[in-house]
Amino acid sequence: MSGKQRRSRWMGVRLLALVLLLYAGLALAGSPGVLPALHKALEILKTLLPILAVVVIISGGINYFLKPKALAKHLGEESGLRGWMIALGAGVLSHGPMYAWYPVIAELRRHGMRDGLVAAFFYARAIKVPLLPMMVAYFGLDFTVLLTLLTLLAAWGQGVIMDILPARQEELP
Amino acid sequence: MSGEKSVSFSGNLKQAAFSILYMMPMILAIIGLVGLFQSYITEEMLASVFNGNAVHDTLVGTLAGMVAVGQAIVSYILGGELLKEGVSLYAVTAFVLAWVTLGVVQLPMEASVLGIRFTWRRNLLAFFSTILVSVITVKLLELWR
């Protein structure tokens, strides 16, 4: 386990302890929302487990199949238009909560994925293809088309700005 | 990565599984917080913070979307209900966008996995993008409709 992973794990343990204390405190205070909150949390966990299994397979696959040279070509400094298309497309098509994708993204960054593409990926996740018919039903076709196009544009714009900002100095996982 | 070439596919899967295991305390903590938010922050509480002013509502919609957590589908349903209750489209657009792209609850995990500086920059950019996209979307719609 790297130093970064160890720090990350301990931060997680501390936060988990804090959350458990919060639940315990609310339960002791007799707050009626605790049991529903626990029930909701368990439901989320149930939904998340298959997604995490997919994340493990993707992360393992990235390490096994993708070599640094290929990754640099597709998502690195010289990836160009192809890099943007991959990041935006992957963002639009990815499912599950954002935090489930952190391990995959951390792995890709470790292999040279540009921060701009990471930012574009995360923002493009606002577009949920399976939910587009529902958005049309609630807000109209013109709203849906406009918001989708502007979201993609904003995702790309954020990526461009992120790439312009000085290179990261922080430690990578 | 030359050393990694000898690692088998199952070996890589095992490494990836361990990475997720190391993150499990953080993931469980986030899930616990999401449960609390979903249980304690109601639709009425969300609706009560909007006042009809476009600037105020866009900003509040973004902040509310940052705080509220859950499946994207819930944000559409909530957004639709808020719209019916007379909340402006500026606020609802910002709310729906911020729901998926920003998240206060998952900030510690993002910072811990991807770095504090990256998290700070990305979320700041996403915050302003959400406001900008919401305002432009509604302004263009007003011209179009």
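Residues numbered from 1 in each chain as written. Chains lettered and ligands numbered in written order. Predicted model: local features only at pLDDT ≥ 70, side-chain atom pairs only at ≥ 80, totals over all residues. Heavy atoms only, no water.

1. Some points on the confidence of the model for chain B
Taken as a whole, chain B shows an average pLDDT of 85; of its residues, 94% reach a score of 70 or greater. Per-element averaging of pLDDT across chain B places helix 2 (residues 43–47) of chain B at the bottom with 74 and helix 7 (residues 116–144) of chain B at the top with 94. (pLDDT = per-residue confidence, 0-100. Helix = DSSP H or I, 4+ residues; strand = E, 2+ residues; numbered from the N terminus.)

2. Some points on empty space enclosed by the protein
Under the defined criterion, the tally for this structure stands at one cavity of 30 Å³ or more. Ala126, Ile127, Lys128, Leu132, Met135, Leu147, Thr148 and Thr151 of chain A together with Tyr76, Val96, Leu97 and Val100 of chain B are the residues that line the largest cavity. Broken down by secondary-structure element, the contributors of at least two residues to the lining of the largest cavity are helix 7 (132–139) and helix 8 (141–164) of chain A together with helix 5 (89–101) of chain B. Of the residues belonging to the lining of the largest cavity, the class tally is nine nonpolar, two polar and one charged. (1 Å grid on protein atoms, 1.4 Å probe; cavity = no way out; pocket = protein on both sides within 12 Å on 5 of 7 lines; lining within 4 Å. Points joined across faces, edges and corners; volume = space filled by probe spheres on them. Nonpolar A, V, L, I, M, F, W, Y, C, P; charged D, E, K, R; others polar.)

3. Structural notes on the environment of serine 48 of chain B
Residue and element names in this part refer to chain B. Along the polypeptide, serine 48 turns up in the loop between helix 2 and helix 3 (54–67). With relative accessibility at 57%, the residue serine 48 sits in the exposed group. When the C-alpha atoms of serine 48 and leucine 82 are compared, they prove to be 10.0 Å apart, with 34 residues separating the residues in sequence. (Buried < 20%, exposed > 50% of the residue type's maximum accessible area, 1.4 Å probe, protein only.)

4. Overview of the interface of chain A and chain B
On the side of chain B, 71 residues touch chain A, which itself brings 77 residues to the contact. Across the interface of chain A and chain B, roughly 6500 Å² is buried in total on both sides, 75% from carbon and sulfur atoms. On the chain A side of the interface with chain B, the three residues burying the most area are Tyr99, Tyr102 and Phe139 of chain A, jointly 10% of the side's total. In this structure, the connection of chain A to chain B is made through one salt bridge. Note that aspartate 142 of chain A and arginine 145 of chain B form a salt bridge whose closest N and O atoms lie 2.9 Å from each other. If you look at where chain A meets chain B, you find ten residue pairs in polar contact (both at pLDDT 80 or more). (Contact = heavy atoms within 4.5 Å. Buried area = accessible area lost by both parts, 1.4 Å probe. Salt bridge = Lys/Arg side-chain N within 4 Å of Asp/Glu carboxyl O. Polar contact = N/O pair within 3.5 Å; in protein donor to acceptor, adjacent residues only side chain to side chain.)

5. Topic: the packing of helix 7 of chain A against helix 8 of chain A
When two helices pack together, their arrangement is given by the angle between their axes and by how far apart the axes lie. Residues and elements named next belong to chain A. For the pair helix 7 and helix 8, interaxial distance at closest approach is 7 Å and the crossing angle is 125°. Considered as vectors, helix 7 and helix 8 are oriented oblique to each other. On helix 8, the residues that touch Leu132, Met135, Val136 and Phe139 of helix 7 are Leu141, Asp142, Phe143, Thr144, Leu147 and Thr148. Its residues assigned to classes, the contact of helix 7 with helix 8 comprises seven nonpolar, two polar and one charged. (Axes fitted to C-alpha atoms, helices over the stretch in contact; angles between N-to-C directions. Parallel < 35°, antiparallel > 145°, perpendicular 65-115°, else oblique.)

6. Examining helix 5 of chain B
Between its terminal C-alpha atoms helix 5 of chain B stretches 18 Å, which fits the 18 Å expected from 13 residues at 1.5 Å a residue. Most of helix 5 of chain B sits inside the fold, with 13 of its 13 residues counted as buried. (Expected span 1.5 Å × (residues − 1).)

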